Amino acid sequence: MVLKAIEFRKDSPYQESELQKVAEILENEWPTKVSTGCSIERRKRFIFSGTDSDNASASSFGIYSEEYKTTIGFFRLRKGFSDSVGNTCVIVSVVVDEKQRNKGLGRRLMNIAENKARDLGYEYIYLWTDNASSFYRKCGYEECEPILISSPIFSSLQSRIETRDNSTSVASKPGDISTHFLSSLGSTLLKKQSLKTREYIAKVGEDDTTINPKHSNSTEEKPTNLSIWMRKCLEKASEKRTA
């Protein structure tokens with residue numbers, strides 16, 4: 001089966017039917033509780049969220065099957081922040097259409113995602129899981145500490161720091177955003193993220209191990225303090241060929 005990745009951006013070529021199919025796959029996997037409006041339309045907005053700004057914090061991809069002439073999977077790459085390794089991303093919303101499972105497509109989807117991450121310049125790829133750690137180990141991932149997933153404003157701060165650090169003609173001034181500040185901000189946000197997950201667990205009960213409970217108000221699954229974080233170092237394509 002020939003598979004290809006379709007990137008969803010407002011300025012990228014894609015078919016409305018492909019977007020509709022991805023929204024349906026996501027909604028089937030993680031149903032949302034919507035009091036007003038259409039859940040499928042919310043899914044479509046989510047797919048494009050964070051992808052079109054100058055400091056885009058996410059890239060969304062559908063997996064298209066040439067054989068079936070339809071989209072059969074989806075994943076998102078979101079910028080991550082780690083002060084211990086290089087340029088990082090987090091793969092989220094990984095899903096294969098329920099009708100196409102048990103065909104080895106999950107591993108192929110991960111290979112496509114890792115290649116896209118390399119193309120985008122990422123050196124490490126992170127993820128979290130509650131019940132598929134053995135699968136990801138087979139894909140080369142190992143357990144690690146959680147990291148912060150960047151938001152658009154966080155990406156903007158990071159971009160400003162990188163621009164300043166790469167400039168040799170502009171000296172630092174009092175009040176400039178520093179790498180130390182960004183690291184501190186990341187740690188603070190990660191602690192808040194952890195606190196929110198603990199509050200969530202307290203509400204739903206310790207026995208609930210789902211990443212995103214059925215009928216959630218969120219359009220994207222979120223880690224809990226029961227989730228296992230894993231990461232993989234992405235070899236460059238040239239390194240893979242010579243290995």
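Basis of the calculations
Residues numbered from 1 in each chain as written. Predicted model: local features only at pLDDT ≥ 70, side-chain atom pairs only at ≥ 80, totals over all residues. Heavy atoms only, no water. Helix = DSSP H or I, 4+ residues; strand = E, 2+ residues; numbered from the N terminus. Buried < 20%, exposed > 50% of the residue type's maximum accessible area, 1.4 Å probe, protein only. Contact = heavy atoms within 4.5 Å. Areas by Shrake-Rupley, 256 points an atom, 1.4 Å probe, with all protein chains shown as cover. Salt bridge = Lys/Arg side-chain N within 4 Å of Asp/Glu carboxyl O. Phe/Tyr/Trp six-rings, centres within 6.5 Å; stacked < 30°, edge-to-face > 60°. Lys NZ or Arg CZ within 6 Å of the ring centre and 35° of its normal. pLDDT = per-residue confidence, 0-100. Axes fitted to C-alpha atoms, helices over the stretch in contact; angles between N-to-C directions. Parallel < 35°, antiparallel > 145°, perpendicular 65-115°, else oblique. Nonpolar A, V, L, I, M, F, W, Y, C, P; charged D, E, K, R; others polar.

Peer 1: I'm lost on the overall build of the protein in this one. Help?
Peer 2: What the protein contains, in helices and strands, is seven helices and eight strands. In the protein, which comprises 243 residues, the share counted as buried stands at 42%. A separation of at least 24 residues holds for 68% of the contacts in the protein among residues at least 6 apart in sequence. Only carbon and sulfur atoms are counted for the fraction: they give 48% of the accessible area of the protein, which is about 13500 Å².

Peer 1: Would you explain the pattern of salt bridges in this entry?
Peer 2: Two side chains that carry opposite charge are able to pair once their charged atoms sit near each other. Counted according to the given criterion, the structure contains ten salt bridges. One salt bridge connects E27 with R43, and the closest N-O pair in it is separated by 3.0 Å. Of this pair, E27 sits in helix α1 (residues 16-29) while R43 sits in helix α2 (residues 39-48), placing them 16 residues apart in sequence. R43 shares its class with E27; the two are buried. A salt bridge links K44 to E41, with the shortest nitrogen-to-oxygen separation between them at 3.4 Å. Pair noted here: K44 and E41 are both in helix α2, with a separation of three residues, about one helical turn. For K44, a relative accessible area of 10% gives the class buried.

Peer 1: Sorry, what's going on with the packing of aromatic side chains here?
Peer 2: For the coordinates displayed, the defined rule picks out seven aromatic pairs. Ring centres 6.0 Å apart and planes at 75° place the aromatic pair Y136 and Y141 in the edge-to-face group. Through a chain of ring-to-ring contacts, the aromatic side chains of F8, Y14 and F48 assemble into a single cluster. Cation over ring: K10 sits above F48, and NZ or CZ is 4.2 Å from the ring centre.

Peer 1: Quick question: what am I supposed to make of unusual backbone geometry here?
Peer 2: The phi torsion of most residues other than glycine is negative, and most of the peptide bonds are trans. One non-glycine residue with positive phi stands out, namely K69, at about 55°. Mapped onto the secondary structure, K69 falls in the loop between β2 (58-65) and β3 (70-81). With a phi close to 55°, S93 is a non-glycine residue in the positive phi region. Following the sequence through the fold, S93 ends up in strand β4 (residues 88-96).

Peer 1: Help me understand the confidence of the model for the protein, please; the structure alone is not making it clear to me.
Peer 2: Close inspection of predicted coordinates is inappropriate for parts of the model with low pLDDT. Residues with a pLDDT of 70 or more make up 64% of the protein, whose mean pLDDT is 75. For residues 168-179, every residue scores under 50 in pLDDT, and the model assigns this stretch twelve contacts once sequence neighbours within four places are set aside. In this model residues 193-219 is a low-confidence stretch, pLDDT under 50, and it forms 47 contacts with partners more than four residues away in sequence or in other chains.

Peer 1: I would appreciate a short explanation of the packing of α1 against α2 in the present structure.
Peer 2: Helices that pack against each other are described as a pair by the angle of their axes relative to one another and the distance between those axes. Two numbers describe how α1 lies on α2: the axes approach to 9 Å, and their chain directions differ by 105°. Between α1 and α2, the angle is such that the two are roughly perpendicular. Judged by residue contacts, E16, L19, Q20, V22, A23, E24, L26 and E27 of α1 engage S39, I40, R43, K44, F46, I47 and F48 from α2. For the contact of α1 with α2, the per-class residue count stands at eight nonpolar, two polar and five charged.

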